[in-house]
Amino acid sequence: MRLRKIPIDFLWEGLELSGDIYNDRGSVLLLKRGEVLTQDRLDKLSKFERGGYITTSEETYQEILNSGKAPRAALQRVYEEAIGYTALKNDVDSIFSVTRNASEINMEATETVTKDIFTKIKVLDFPKIFQCIDAPREMDENLQRHSLNVAFTNGVIGQC
């Protein structure tokens with residue numbers, strides 16, 4: 001049986017488990033198939049699994065994803081992790097963090113991430129990329145300013 005990780009926040013009160021629920025590593029049985037989730041059990045799962053994930057069978061995983069009850073933000077997070085967007089985002093964040101703290105650019109790391117992004121663009125189709133870009137996110141002043149700067153820069157490049 002293949003086990004799949006799933007965020008705890010995909011589960012809801014009243015869900016009757018069609019498969020067993022294990023800890024995030026799949027090594028400890030937490031809840032048995034057929035049990036109905038209560039808020040108390042959900043709270044205990046959240047406290048026990050501080051990483052926010054549990055594992056379950058592929059069938060139960062698909063059933064939960066297809067239920068329409070999983071939070072949109074959590075679905076987006078799983079999607080972005082599955083196609084590699086999250087890993088690339090984390091790599092870019094790391095480069096920015098090092099640059100901010102060391103006041104110098106790590107060119108080797110920057111080139112590696114740039115190549116990874118370019119490769120991802122070549123292998124993914126446009127709708128998958130756009131689904132990551134277009135996902136609703138909280139907007140703060142820094143994000144708004146960055147978005148405007150990117151738009152201006154693209155406009156200048158487009159005029160050349």
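Since this is a predicted model, take the numbers as computed values, not measurements. (Residues numbered from 1 in each chain as written. Predicted model: local features only at pLDDT ≥ 70, side-chain atom pairs only at ≥ 80, totals over all residues. Heavy atoms only, no water.)

Enquirer: Can you help me understand the packing of helix H3 (residues 72–83) against helix H6 (residues 126–133) in this one?
Expert: Closest axis-to-axis distance for the H3/H6 pair is 10 Å, and the angle between their directions is 135 degrees. One way to sum up the angle between H3 and H6 is to call them oblique. Note on packing geometry: the crossing formed by H3 with H6 is left-handed. Mapping the contact onto sequence places Gln 76, Tyr 79, Glu 80 and Ile 83 in H3 and Lys 128, Gln 131 and Cys 132 in H6. (Axes fitted to C-alpha atoms, helices over the stretch in contact; angles between N-to-C directions. Helix = DSSP H or I, 4+ residues; strand = E, 2+ residues; numbered from the N terminus. Parallel < 35°, antiparallel > 145°, perpendicular 65-115°, else oblique. Left-handed = near helix turned anticlockwise from the far one by under 90°. Contact = heavy atoms within 4.5 Å.)

Enquirer: Please clarify how the environment of Glu 35 should be interpreted in this entry.
Expert: Position of Glu 35 among the secondary structure elements: in the loop between strand S3 (29–31) and helix H1 (39–48). The class for Glu 35 is partly exposed, based on a relative accessible area of 22%. The spatial distance from the C-alpha of Glu 35 to the C-alpha of Gly 14 is 9.4 Å, given a sequence separation of 21 residues. Excluding residues that lie within four positions of it along the chain, Glu 35 makes contacts with Leu 15, Glu 16, Leu 17 and Arg 41. (Buried < 20%, exposed > 50% of the residue type's maximum accessible area, 1.4 Å probe, protein only.)

Enquirer: Sorry if this is basic, but what is going on with helix H2 (residues 58–65) here?
Expert: Residues lying three or four places apart along an α-helix face the same way, a consequence of the helix completing one turn every 3.6 residues. Within the sequence span of H2, burial applies to Glu 58, Thr 60, Tyr 61, Ile 64 and Leu 65. Taken down its axis, H2 places every buried residue within 165 degrees of arc, on the same side. Close packing links the buried residues of H2 with strand S1 (3–7), strand S4 (53–57) and H3. (Arc of directions from axis to C-beta.)

Fair warning: the whole summary comes from geometry, so function is off the table for now.
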